[in-house]
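This is what each chain is made of:
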Amino acid sequence: MNIANIWNIIKVMGCQSMKMSQTWTKRLMHNTPKAVIVLSALSLSMNLANSVSSFLGYAFALAFAGLIFAAIIVNPLWLKYVMAAAAYIAFFNTLPELSFDKLISVIYLSLVLLAFLLPSPIPVIITTCYYLYFIPTYSSVVEGEMIRTIVIGVIINMILYSLLAFYFRNLKKENEINRKLNGQLNEAFGKLEHMAYYDTLTKLPNRELLKKRMVEQLFSDSKVAVLFLDLDHFKNVNDMMGHNAGDQMLQHVAAHLTEEVGHCCFIARYAGDEFVLLFPYQVQEEIGELAKHLIHSFHMPFQIEQKHIYTTPSIGISLYPGDSRDVDTLIQYADKAMYDVKRGEKNGFCFFSAIENEELLLQIKLENDLRSALSKEEFVIHYQPLVEMSTGEIRGFEALVRWTHPELGQIMPGAFIPLAEQTGVIVELGEWVLEEACKQVRSWQRAGNPNLTLAVNISIRQFKSSCFESTVLRILKKTGFDPSLLELEVTESMMQNLSEMSLILGELKRRGVKISIDDFGTGYSSLSVLRHLPVDFLKIDRSFTRELTADTSTASIIKLIVDIGHSINLEVICEGIENQEEMDFLLQYGCRLGQGFYFHRPASADEIGSLLSSKDSQGKIAN
């Protein structure tokens, strides 16, 4: 389980914990006043029962207890007031039997009870007025100073409890308003949550809720199968009958899936005509039976606009935890397995196999790691000499990027360059290669090799970037590199947009930059294209060189390319030269420049620097 899944689990647990905390806080705030009312009523009733001595006093105490608890229980406010008034009449009738000490204790309890029970200060004030009338009757047994002190205390408590009652009345009103607002907000949030987590067309859970449910199920650590279902030939329904018919089809399919497997699967609409099913299982055979049942269930047609429309499902399956412990990866694997079915006969199911898809796993890893490889300085430039074959003199170098992966070691350019093209990383990488190579070759020029040229490959993504031309010129100016010694290598496949190519390459040519067509003979260029493009060099692909001495037709093709190049004033360079015999043939055909392992393999800047400074080489490579 990766960090993203752990973070999702923590968020789910945090939300649950927060909701639980909020619920308990609301309950506590709601129940505390009720607890105070009940405890006050119970304490007051017990005090009265223990303080009276006559039969009539007991009767009034019991009547108070019954009426006050009835007032607590009843809901209509007017009835609560009536019950409380009757209870306090009974309560006042018990007061003459109480001692002065008992009287004082029940006075304060009764005020507390009224303040919490009735949402108004008036009952507290009325009751206090009665106490102020009744307390002086004890003047014969209690000192006047004590009575005055108690009267002042009762008045102060009346003010405090009246304010408290007033506060509770307003609080109750606010709570009522808040309850209504909360009800409206909860209803609105419920609608928003439904919109956020459910597909508006099929009413099924959407992708977000699917991933949330997957995190929950994976957190429970139960075995889960992810079935990625796609409708075969669904595009035909949209194209032939319109998108409304397609929408109806999706609604029918959603209802069909719910009816067939909704009791055992969580079903979500993933995108378009794609659905994902989560199926908890015990043994793998259960998954196969479920997939077969689903496929068989689509044998009946769907009724769309009074027409019978048939469709079939292609189903890809991945397993947790066997295939992966990551939500997105499980969906990706199931999707990949589904496309394996699509590429076959369709209308079937297929389990994802990690063994069969090691190349896919490696590609995913490389694609992810490629994005940060440049910032981590994992790329290095190697240089392969371009040689004047008749003399062995080094004319220049081709810059070739190499990637040393921290885990996988050396990655071949054929593996990561296409990925860099697909992801767009090639633009940033190509700019870095051009600048670093210009700096390096410029340093060799200053060290006594002023005429060394530099050849750099340019990708179609670089060429189509809006600032390609200005980027090249900026780097040349920044590094002090002579434009006439720079050769930009483009492939034949880039020649399809001739007008755009001519415009950009023509401007660079006017600034002195040389243009070379790389891997000539393997792409789409023609003689008319060569005539109209500002090209300086043709590079014969190594696939021709490899067959030069073994296949007479290949030798004839090479001679023809050399003759064509010379006839339109282009210099011809041959790649992949590996032995003396190949070089002799090429010299015989009039090819002057070459590169390959026969002269020198691509090497690091340090090794090439040593080669250039070697006394034995004197700027030449011995044959």
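Look above for the structure.
Residues numbered from 1 in each chain as written. Predicted model: local features only at pLDDT ≥ 70, side-chain atom pairs only at ≥ 80, totals over all residues. Heavy atoms only, no water.

Caption draft 1: Fine view of the overall build of the chain. Each helix and strand in the chain was counted, giving 22 helices and 16 strands. By residue count, 45% of the 623 residues in the chain fall in the buried class. Within the chain, residue pairs in contact and separated by at least 24 positions form 69% of the contacts whose partners lie at least 6 positions apart. Accessible surface computed for the chain: about 32500 Å², of which carbon and sulfur atoms make up 58%. (Helix = DSSP H or I, 4+ residues; strand = E, 2+ residues; numbered from the N terminus. Buried < 20%, exposed > 50% of the residue type's maximum accessible area, 1.4 Å probe, protein only. Contact = heavy atoms within 4.5 Å. Areas by Shrake-Rupley, 256 points an atom, 1.4 Å probe, with all protein chains shown as cover.)

Caption draft 2: Examining the environment of His-296 more closely. Along the chain, the position of His-296 falls in helix α10 (residues 284-297). On the basis of relative accessibility, which here comes to 54%, the residue His-296 falls in the exposed class. On a C-alpha basis, the gap between His-296 and Pro-313 in space is 9.5 Å, while along the polypeptide they are 17 residues apart.

Caption draft 3: Expanded view of empty space enclosed by the protein. In this structure the tally under the stated criterion is one cavity of 30 Å³ or more. Looking at the largest cavity, the residues that line it are Leu-386, Gly-396, Phe-397, Glu-398, Thr-453, Leu-454, Ala-455, Glu-487, Glu-489, Lys-539, Ile-573 and Gln-595. Breaking the lining of the largest cavity down by element, the ones donating at least two residues are β9 (393-405), β11 (453-457) and β12 (486-491). Per-class residue counts for the lining of the largest cavity are five nonpolar, three polar and four charged. (1 Å grid on protein atoms, 1.4 Å probe; cavity = no way out; pocket = protein on both sides within 12 Å on 5 of 7 lines; lining within 4 Å. Points joined across faces, edges and corners; volume = space filled by probe spheres on them. Nonpolar A, V, L, I, M, F, W, Y, C, P; charged D, E, K, R; others polar.)

Caption draft 4: Up close: the nonpolar core. Core analysis: the biggest nonpolar cluster contains 76 residues, and Phe-379, Tyr-383, Trp-444, Leu-454, Leu-486 and Leu-488 have the highest contact counts within it. In contact with Leu-454, other than residues within four places in its own chain, are Phe-397, Ala-399, Ala-437, Cys-438, Val-441, Phe-481, Leu-485, Leu-486 and Glu-487. Residues Ile-68, Ile-107, Phe-116 and Ile-135 belong to the second largest nonpolar core, which totals 42 residues. (Core = buried A, V, L, I, M, F, W, Y, C linked by side-chain atoms within 4.5 Å.)

Caption draft 5: Structural context of α10. Look at α10: 20 Å from first C-alpha to last across 14 residues, which is about the 20 Å you get at 1.5 Å a residue. What α10 keeps buried is the set Ile-287, Gly-288, Leu-290, Ala-291, Leu-294, Ile-295 and Ser-297. (Expected span 1.5 Å × (residues − 1).)

Caption draft 6: A look at the sheet that holds strand β3 (residues 274-280). Read from one edge of the open sheet, five strands run β2-β3-β1-β6-β7, paired in mixed fashion. In this open sheet, the two strands that pair with only one neighbour each are β2 (266-271) and β7 (349-351). The sheet shows a mean angle of 25° between the axes of neighbouring strands, taken without regard to direction. With seven bridges joining them, strand β1 (residues 224-231) and β3 adopt antiparallel strand pairing. Bridge pairing links Ala-225 to Phe-279 in β3. (Pairing = 2+ DSSP bridges. Axes fitted to C-alpha atoms, helices over the stretch in contact; angles between N-to-C directions.)

Caption draft 7: Fine view of the packing of aromatic side chains. On inspection of all chains with the given rule, the structure shows 23 aromatic pairs. A ring pair is formed by Tyr-598 and Phe-599, whose centres lie 5.3 Å apart and whose planes are at 70°; its orientation type is edge-to-face. Feature note: the residues Phe-64, Tyr-88, Phe-91, Phe-92, Phe-100, Tyr-130, Tyr-131, Tyr-133, Phe-134 and Tyr-138 constitute an aromatic cluster, connected by ring pairs. Across from the ring centre of Tyr-270, 4.1 Å away, lies the NZ or CZ of Arg-207, which sits over that ring. (Phe/Tyr/Trp six-rings, centres within 6.5 Å; stacked < 30°, edge-to-face > 60°. Lys NZ or Arg CZ within 6 Å of the ring centre and 35° of its normal.)

Caption draft 8: Representation of unusual backbone geometry. Looking along the chain, the bond that leaves Tyr-320 and enters Pro-321 is cis, with omega of 5°. Along the chain, Pro-321 falls in the loop between β6 (313-320) and α11 (327-343). Even without a glycine there, the phi angle at Lys-203 is positive, about 65°. The residue Lys-203 is located in the loop between α6 (144-197) and α7 (207-219) in this model.

Caption draft 9: Expanded view of the pairing of strand β14 (residues 537-540). Burial along β14 is two-sided: Phe-537 and Lys-539 and Leu-538 and Ile-540, pointing in opposite directions, are all buried. Where strand β13 (residues 514-520) meets β14, three bridges bridge the pair, whose relative direction is parallel. Paired with Phe-520 across the bridge in β14 is Ile-540. With four bridges connecting them, β14 and strand β15 (residues 571-574) associate as parallel partners.

Caption draft 10: The arrangement of α7 in detail. The end-to-end C-alpha distance of α7, which contains 13 residues, comes to 18 Å, matching closely the 18 Å that a straight helix rising 1.5 Å per residue would cover. Every buried residue of α7 is listed here: Leu-209, Leu-210, Met-214, Val-215, Gln-217 and Leu-218. Between the side-chain oxygen at the start of α7 and the backbone nitrogen of Glu-208 there is a gap of 3.2 Å, and the oxygen is on Asn-206. Asp-221 occupies a position one or two residues after α7 and carries a positive phi of about 65°. (Polar contact = N/O pair within 3.5 Å; in protein donor to acceptor, adjacent residues only side chain to side chain.)

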